[in-house]
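# Structural features, examined
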Amino acid sequence: MSLAIYLGTTQATPDLPVRWHLGIVLIVAMDSGAIRSLVVLPSCVMDPSLFLSAVCLGVANHAILNRFEPRGANAPFLFLTIQPMVLLLFFGGAFSPARLMWTYVVFLASISLSIVAYRLSPFHPLAQFKGPTIGKVSKLWGLWIAWRGYQYLYHKRLHDKYGPWVRIGPNELSVNDAHAVSQILSVGGLDKGRFYEAERHPSTPPSIVALSGEAHAAKRRVWNRAMTSASMREYEPRVAQRATRLISRLGDENGTVDLVAWFSLFALDLMGDLAFGGGFEMLEDGEDVAGVKDKIALFMASASLAGQIPWIVPTLQLLPQVGRVIQEFNEFGQGLAIQRVVRGGSGVKDLWYHLADEAGLEKVQPILEDSAADGIVAIIAASDTTASALSSLVWFLLSSPEYYRRVQLELDTVFVDGDDPLDVSKHAQLRFLSACINETLRLHPPTPSIGTRQVEPTSAGRTFAARFIPAGTSMYTPPYALHRNPAYFFPHPDQFVPDRWLPESNFAKHDTAAFIPFSLGSANCVGQKFAKRQLMMVTSLLLKSFNLRFAVGFDSEAWPGHIRDYFVATRGPLLVDLTPR
Ligand code: HEM
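Worth saying up front: this structure is predicted, and the values here are computed from it rather than measured.

### Quick notes on the packing of aromatic side chains
In this description, a pair of aromatic rings is defined by centroid distance and the angle of the planes. Counted by the stated rule, this structure contains 18 aromatic pairs. Consider the rings of Phe-276 and Trp-352, whose centres lie 5.8 Å apart with planes at 40°: the pair is tilted. A residue pair is termed long-range when its members are at least 10 positions apart, and Phe-276 in helix H13 (residues 259-276) and Trp-352 in helix H18 (residues 351-355) qualify at 76 residues. Judged on exposure class, the residue Phe-276 and its partner Trp-352 are both buried. Aromatic pair Phe-396 and Phe-496: ring centres 4.5 Å apart, planes at 5°, arrangement stacked.

### A look at the coordination of the iron atom of the ligand
Its sole protein donor being Cys-525 (SG), the iron atom of the ligand sits 2.3 Å from that atom. Structurally, Cys-525 is set in the loop between strand S10 (509-510) and helix H23 (528-545).

### Topic: the UniProt feature "binding site: heme" (unreviewed entry) in the protein
In this structure's numbering, the residues bearing the UniProt feature "binding site: heme" (unreviewed entry) are Cys-525. If sequence neighbours within four positions are ignored, Cys-525 has contacts with Arg-220 and Phe-518.

### Digging into the environment of Leu-443
Following the sequence through the fold, Leu-443 ends up in helix H21 (residues 431-443). For Leu-443, a relative accessible area of 1% puts it in the buried group. Here the alpha-carbon distance between Leu-443 and Tyr-480, two residues 37 residues apart in the chain, equals 6.9 Å. When sequence neighbours within four positions are dropped, the list of residues in contact with Leu-443 reads Phe-396, Tyr-480, Arg-484, Pro-493, Asp-494, Gln-495 and Phe-496.

### Thoughts on the side chain of Asp-374
Topologically, Asp-374 is positioned in helix H19 (residues 368-399). At 3.5 Å, the side chain of Asp-374 forms a polar contact with the side chain of Trp-223. Filtering out sequence-adjacent residues up to four positions away, Asp-374 remains in contact with Ser-207, Ile-208, Lys-219, Trp-223 and Leu-355.

About the criteria used
Residues numbered from 1 in each chain as written. Predicted model: local features only at pLDDT ≥ 70, side-chain atom pairs only at ≥ 80, totals over all residues. Heavy atoms only, no water. Phe/Tyr/Trp six-rings, centres within 6.5 Å; stacked < 30°, edge-to-face > 60°. Helix = DSSP H or I, 4+ residues; strand = E, 2+ residues; numbered from the N terminus. Buried < 20%, exposed > 50% of the residue type's maximum accessible area, 1.4 Å probe, protein only. Donors = N, O, S within 2.8 Å, 3.2 Å for Na, K, Ca; no water. UniProt positions renumbered as here; feature names shortened; annotations may be inferred. Contact = heavy atoms within 4.5 Å. Polar contact = N/O pair within 3.5 Å; in protein donor to acceptor, adjacent residues only side chain to side chain.

What follows is the structure in structure tokens.
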């Protein structure tokens, strides 16, 4: 009830200063009897000195935990659990369950109130940053939003309301300022935050995504080799083969298809080929028989949610079920890796060839488990992202017939009869299709929020775009909000207007520094050129092969509403009718 009154009042007047929030909480709490019962009820079983000691102990615990922030919750949980018992023992007197319970209640209530008061107070290091009160108080609200998959929309809404810097968690900011974002993500900026620890389990080798610093740089060197222009040329025949099979399977369906599902089967088959020398035949089956997609979805959802409150990760990992998700995933990757090794490379310089350093270029050869972990990352990082981008591109084109017509005209001009739409040497001529891809990645970035970066907790803090950021602060740099910021893309920041990407266009604002679908800096997307190449190849072949329109009865306008953000955004079915051209 008190909470409802409090939320109601603050909702009606959202810009109340912090001291008013504290005042309202206090009055409502007193009025509702919460404070009275907290003082009166325990007095039946607790003498005043025990009561006061429990309060002081609670506040002291907050002061200590705040000063020496623990990395995990296991030791602090234990530490907090035993203290009320020790306090009771120290005070002596008759033991009763009621006395013990109230000691716990008073102790925990004191810690909680002390934390809330501090987080809302002007003494908190992030007090100068605006943001929703509930976010300042606890990360649990952010977890709830992330649970529902709406984090990307939440970030944008908060930036629309509070401006480019928003405090979205007790020690967390979201930044929608292109200059600051580039400083944060680029070389010399910040390392990955604890968000990424959720992807690691002590029993499994870390992949490139979960690493930072030197260890990341070493892995990245191998990945960079795998993504040079020469390496990509080796992969192109595989892309062409899988894209051709996709088109023939779509043709077999003879009518309405769910393109989200088919793009996903295509991308998984392709990455299975490149990362492990084959093994999936999902296009053939017309479905994901082995449930790889479900495994990825479960892994991504668990990691992205646990990443919201990283201090809980060591505790969660004590649960066998949690470890099992990560371990099973890892074993799955190792199984594929062993098959690839047994099968041999047959001279193909695929992704595995580079990840396993078959050329022997590294001083220390990676062990099979490490390469397997990276192979799995390749499947996760490359399949859902590419499939998401392809489906959004088709959705935008079918929703804007004029742009669809222009893309088709361009394709028909560049690829005249007998030309191969998979010929990458002609990509440079597909200027409008390229603009449509950029505009799709702008409005529907496949990773709409990315994980956090963190100011080194032992540092003296950092300054970005003239704002001082205290040590330990986590920072989101959300592409979705940045890409729709009218300060960078104007006019029509929320509309699909591919012309803004053409060199001859003259839009009032077109700041590509704010365009970060592949992130920036040393941990940006290593596969971005390959991703764009795939998008161009598949779209060219698809639109040359078929005329597309939304299936009859399909609610196309509602489709973007089904996008959910679990690090990589998921999409609902995209039902399209195809007729051969
Ligand atoms: C449209 C498609 C794609 C998009 C939008 C995309 C986006 C991204 C983004 C935003 C990151 C940085 C994530 C972070 O900072 O936490 C990333 C990282 C990464 N991506 Fe992509 N990606 C795509 C396709 C691909 C492909 C095709 C590959 C590989 C074949 C790939 C491999 C990777 C890898 C290995 C990383 C980790 C890099 C590192 O930590 O150094 N991605 N991607």
